[in-house]
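# Inside the fold
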Amino acid sequence: MKTPKRIVVLGSTGSIGTQTLEVASHLGRSFDVVGLSAFLSSEMGRLCEQVREFKPRAVAVQDEKQARLIRGQTGLKRVWSGEEGLVRLAGIEPCDIVVNGISGAAGLAPTLAAIKAGKRLALANKESLVVAGELVMPLVRKHKAEIIPVDSEHSAIFQCLKNEPVRGVKRLILTASGGPFRRVAGHRLRHMTPAHALKHPTWSMGRKITIDSATLMNKGLEIIEAHWLFGLEGGKIDVLIHPQSIIHSMVEFVDGAILAQASLPDMRLPIQYALTYPERMPSPVGTCDLAGIKRLTFHPPNPRKFPCLRLAYEVLRTGGTLPAVLNAANEVAVYAFLEERIGFHEIPRVIARTLRKHRVVAHPGLEDILEADRWARATALSP
Ligand code: NAD
Ligand code: MG
C-alpha cells in the first residue's frame, strides 16, 4: 500500500475546510490529516470535534486563550496561536499538501510559508494571489513548490490546460453564476440587505465570498488570480455569466477550439482534484445529467451594474501595490455592508475612492504590500 499523503487544512471550520475534511474522510486511508486551523471563537466547538475525529499532530488558533481551551478539551499538546502559529503549521514536517481555506488577506502569510517549505499548496484563498501574486509565483519556482487551484474556475482551467503550451491559448473564459442579484435592476441594488445578498442561487459558501459573488468582485478577484496562475494578461481573460453553474470555465485556443470543464456545482470536486492530482479518484459528487439540465446559457456581464469587474481589470493593468489596496478596501467594505454600516451600492464606491487615493508602489516587496494593505484598511471608510 502507498504511504498516505499528509495534509494540513487551514481554515478547517469554514466552508472549504469542512468540505476538505469530508473529501479526506471519503478518500479514506490514502490521506492523513496532520494539521487544522480555525480563527473565530464561535468555531472552537467544531474545531474540538475535528481534533477528536482526525487526530492531527498540531492545530493553530487565533490566540492563547483559544489555545488553552483546545488543549484542555482535547488533550492535544501542540496548539499554536497567532500568525506565527499559522505559519508554523503551514510549514510543518512531515506534510505533503497544505490546503489554504482561510478567507481574506490573512491567508497570505501561510501561503508564503507553505511555498517556502516546498509543499503542494491546494489554494482556495484567492486573496493571497490577488495581493501578492508578483511575489508568490517566483517563490513557487524557487522552492519547487506547486499551487493547485481549488477555486472552481481555476481548477476548471487547470484541468483544460493540462499538457497544453500557454502560447496556444487565445483567451480564458471565466464563468460566473451572476450571483443573487443577476435579475435585480441596477437602480434597486441600493435596497439590497445582507439577508438578500447571502442567498446565493447555486453555491453555499462563507459570508465574505458570498457578498463578493453578489457584487461580482469575486469574479474580479478571480481575473487577477487567473493572471498569476496561468500567466495571461487581463485582456485575454473574459467573463461570461452562466446561471446554471455547470461549465466552471473554459479555455479558447488560437485554432478556435474551446475546452470546458463541466460538473455539478460542488466544491468537493475541485478540492479532491487538488489533493489527488494528477490522479482522479471516485468522489461523492453526483453525475451531471445534461439531458435533465437541458439548457446551458451564457451572456456577458453588465459592467454598469457591476462596477467591481471594471475596477479589477484596471487594477490588474496598473499592478504594483494596487491589487492589495483593491482587496483590503473590498474586505473593509464587505464587512461594513454585513454589519449594515453601508449600503450594497456603496461597496464599489468605497473601493474606487480608496484606489484613487493610493500612491502605487511598482514592483513592491512584501513590506510594501503589507503597508498598502494596512493603509487601505485605515483609509477605506474614512471621509
Ligand atoms: P469561511 O468564512 O466559510 O471560512 C473561513 C475559514 O478561515 C474559517 O475556518 C475561519 O476560522 C478562518 N479564518 C477567518 N479569518 C481568519 C484569519 N484572520 N486568520 C486565520 N484564519 C481565519 O470561508 P470559505 O467560504 O470557506 O472561503 C475560504 C477561502 O476560499 C476564501 O478565500 C474564498 O474566496 C475561497 N473560496 C471559497 C469557495 C467556497 O465555496 N466556499 C469557493 C471558491 C473559493
Ligand atoms: Mg470561484
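Quick note: structure is the one above.
Read on for an overview of the structure. Every value quoted in this text rests on a predicted model; they were computed, and no experiment measured them.

### Quick word on the coordination of the magnesium ion (ligand 2)
The coordination sphere of the magnesium ion (ligand 2) contains the protein donors D151 (OD), E153 (OE) and E222 (OE), at a distance range of 2.0 to 2.3 Å. E153 gets classed as buried once you look at its relative accessible area, which sits at 7%.

### Some thoughts on the pattern of salt bridges
The tally for this structure, following the rule as stated, stands at 21 salt bridges. For R377, the salt bridge goes to E331, with nearest N and O atoms at 3.2 Å. In this pair, R377 is assigned in helix α16 (residues 366-379) and E331 in helix α14 (residues 322-338), connecting sequence segments 46 residues apart. Given a relative accessible area of 8%, E331 falls into the buried group. Via salt bridges that share partners, K126, D151, E153, K219 and E222 belong to a single interconnected network.

### Overview of the sheet that holds strand β7 (residues 146-149)
Judged by pairing direction, the sheet is parallel, and its seven strands sit side by side in the order β4-β3-β2-β1-β5-β6-β7 without closing on themselves. Of all the strands in the sheet, just β4 (79-81) and β7 have a single pairing partner and so form its edges. Direction aside, neighbouring strands of the sheet carry axes that sit 25 degrees apart on average. Relative to strand β6 (residues 120-123), strand β5 (residues 97-100) runs parallel, the two being bridged by four bridges. Opposite N100, over in β6, you have L123 as the bridge partner.

### Points about the side chain of E252
Topologically, E252 is positioned in strand β10 (residues 247-253). Side chain to side chain, E252 and R171 meet in a polar contact 2.7 Å long. If we ignore the near neighbours within four places in the chain, the residues touching E252 are V169, K170, R171, I173, A257 and I258.

### Notes on the state of the cysteines
Summed over all chains, the structure comprises zero disulfides. Residue C160 stays outside any disulfide, its sulfur separated by 14 Å from that of C288, the closest cysteine. Exposure remark for C160: the relative accessible area of 7% places this residue in the buried category.

### Section: a nonpolar patch on the surface
Taken together, the side chains of L290, L296 and F298 present a nonpolar region at the surface, about 250 Å² in accessible area. Secondary-structure assignment places F298 in the loop between α12 (290-293) and α13 (307-318). For F298, a relative accessible area of 36% gives the class partly exposed.

### Some details on the environment of L232
Relative to the helices and strands, L232 is located in the loop between α10 (217-230) and β9 (237-241). Sequence spacing of L232 and A262 is 30 residues, and the spatial spacing of their C-alpha atoms is 22 Å. Beyond its immediate sequence surroundings of up to four residues, L232 is in contact with V169, L172, H227 and I237.

### A look at the sheet that holds β10
An order of β9-β8-β10-β11 is seen for the four strands of this open sheet, with the pairing classed as mixed. Two strands in the sheet have a free side with no partner beyond their single neighbour: β9 and β11 (258-262). Strand after strand, the sheet turns through a mean of 20 degrees between neighbouring axes, direction not considered. Sheet topology note: the strand β8 (residues 169-176)/β9 ladder contains five bridges and is parallel. Among the inter-strand pairings, A176 is bridged to a residue of β9, identified as I241.

### Quick notes on the packing of aromatic side chains
Counted according to the given criterion, the structure contains five aromatic pairs. Seen from their ring centres, F158 and Y277 are 5.0 Å apart, and the 65 degrees between their planes marks the pair as edge-to-face. Here the residue F158 occupies a position in helix α7 (residues 152-161), and Y277 occupies one in the loop between α11 (268-276) and α12, the gap between them amounting to 119 residues. Take F158: its relative accessible area is 18%, and that puts it in the buried class. Taken together, a centroid distance of 5.5 Å and an interplanar angle of 70 degrees make the contact between F337 and F344 edge-to-face.

### So, the site of ligand 1
The environment of ligand 1 is made up of 24 residues, and the closest members are T13, S15, E43, E127 and G206. Here an oxygen atom of ligand 1 and a side-chain polar atom of E127 are 2.6 Å apart. Relative to its free-state accessible area of 830 Å², ligand 1 is covered by the protein chains to the extent of 88%. Elements supplying a minimum of two residues to the shell around ligand 1: α1 (15-27) and α6 (126-142). Of the residues that constitute the shell around ligand 1, the class distribution is 11 nonpolar, nine polar and four charged.

### Some words on unusual backbone geometry
Residue P94 is reached from E93 by a cis peptide bond, and omega for that bond is -10 degrees. Topologically, P94 is positioned in the loop between α4 (82-90) and β5. For K144, which is not glycine, the phi torsion reads 50 degrees and is therefore positive. Looking at the secondary structure, you find K144 in the loop between α6 and β7. Classification of K144 by relative accessible area gives exposed; the value is 72%.

Reading guide: rules and limits
Residues numbered from 1 in each chain as written. Chains lettered and ligands numbered in written order. Predicted model: local features only at pLDDT ≥ 70, side-chain atom pairs only at ≥ 80, totals over all residues. Heavy atoms only, no water. Donors = N, O, S within 2.8 Å, 3.2 Å for Na, K, Ca; no water. Buried < 20%, exposed > 50% of the residue type's maximum accessible area, 1.4 Å probe, protein only. Salt bridge = Lys/Arg side-chain N within 4 Å of Asp/Glu carboxyl O. Helix = DSSP H or I, 4+ residues; strand = E, 2+ residues; numbered from the N terminus. Pairing = 2+ DSSP bridges. Axes fitted to C-alpha atoms, helices over the stretch in contact; angles between N-to-C directions. Polar contact = N/O pair within 3.5 Å; in protein donor to acceptor, adjacent residues only side chain to side chain. Contact = heavy atoms within 4.5 Å. Disulfide = S-S within 2.5 Å. Patch = residues over 30% accessible without salt bridge, like charges linked within 9 Å, V, L, I, M, F, W, Y side chains within 5 Å. Areas by Shrake-Rupley, 256 points an atom, 1.4 Å probe, with all protein chains shown as cover. Phe/Tyr/Trp six-rings, centres within 6.5 Å; stacked < 30°, edge-to-face > 60°. Near = heavy atom within 4 Å. Nonpolar A, V, L, I, M, F, W, Y, C, P; charged D, E, K, R; others polar.

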